[in-house]
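# Examination of the molecular architecture
Here's the letter readout for the chains.
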Amino acid sequence: QVQVVESGGGLVQSGESLRLSCAASGSISSSNSMGWYRQAPGKQREFIAIIQNSGTINYADAVKGRFTISRGDAKNTVYLQMNSLKPEDTAVYSCLYITINGRQYWGQGTQVTVSS
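Residues numbered from 1 in each chain as written. Predicted model: local features only at pLDDT ≥ 70, side-chain atom pairs only at ≥ 80, totals over all residues. Heavy atoms only, no water.

### With respect to unusual backbone geometry
- Its identity is not glycine, yet Lys 75 carries a phi of approximately 60°, on the positive side.
- Positive phi values are uncommon outside glycine, yet Ser 84 reaches one of about 50°.
- Within the secondary structure, Ser 84 is located in the loop between β8 (77-82) and β9 (91-99). (Helix = DSSP H or I, 4+ residues; strand = E, 2+ residues; numbered from the N terminus.)

### Quick look at the packing of aromatic side chains
- Tallying each qualifying case throughout the model produces three aromatic pairs.
- Note on Tyr 37 and Trp 106: the rings are 5.1 Å apart at their centroids and 70° apart in plane angle, and the pair reads as edge-to-face. Of this pair, Tyr 37 sits in strand β4 (residues 32-39) while Trp 106 sits in strand β10 (residues 104-106), and the two are 69 residues apart along the sequence.
- The class of Tyr 37 is partly exposed, set by a relative accessible area of 21%.
- Taken together, Tyr 37, Phe 47 and Trp 106 form an aromatic cluster joined through their ring pairs.
- When the ring centre of Trp 106 is taken as reference, the NZ or CZ atom of Arg 45 above it lies at 3.7 Å. (Phe/Tyr/Trp six-rings, centres within 6.5 Å; stacked < 30°, edge-to-face > 60°. Buried < 20%, exposed > 50% of the residue type's maximum accessible area, 1.4 Å probe, protein only. Lys NZ or Arg CZ within 6 Å of the ring centre and 35° of its normal.)

### Brief notes about the pairing of β9
- Within β9, eight of the nine residues are buried, leaving the element largely enclosed by the surrounding structure.
- As paired elements, β4 and β9 share eight bridges and run antiparallel to each other. Counted as the bridge partner of Tyr 37 is Ser 94 from β9.
- Both β9 and strand β11 (residues 110-115) contribute to a ladder of three bridges, which runs antiparallel. Counterpart to Ala 91 in the pairing with β11 is Val 112. (Pairing = 2+ DSSP bridges.)

### Observations concerning the pairing of strand β7 (residues 67-71)
- Of the two faces of β7, the one lined by Phe 67, Ile 69 and Arg 71 is fully buried and the one lined by Thr 68 and Ser 70 carries no buried residue.
- The pairing of β7 with β8 spans five bridges and is classified as antiparallel. Bridge assignment links Phe 67 to a residue of β8, and that residue is Met 82.
- Remark: five residues form the turn of the hairpin made by β7 and β8, two consecutive strands paired antiparallel; Lys 75 in that turn has positive phi of roughly 60°.

### Here's the deal with the sheet that holds strand β3 (residues 18-26)
- Strand order in the open sheet made by the four strands is β1-β3-β8-β7, with antiparallel pairing throughout. Unpaired on one side and paired on the other, β1 (2-7) and β7 mark the two borders of the sheet. On average, each strand axis in the sheet is inclined to that of its neighbour by 15°, with strand direction left out of account. (Axes fitted to C-alpha atoms, helices over the stretch in contact; angles between N-to-C directions.)

Geometry only, nothing functional implied.
Structure, rendered in structure tokens:
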């Protein structure tokens, strides 16, 4: 079993920055992919960014140039640096851990609120 825990959410003003952290623990491996999704009230969950086991990084168009995903040295942590935040970035941000076999584990999410 894998546990995934996010942290770093909060309330900021438009244009400010936040850094989210995600740590996976339990039956983890250094061979994994980790990413971020978000879900705003009344909307479907949407992909934000992912860093693949190979090191390949992908971003959603909505956050390209503003958000940066990175890994910690141990590869069981991932960060999301969010700059130039907008009110439309307000959502619950969830971390996803994917094993080499494709099994997925989700965190509980952390709230990000951007005021105008």
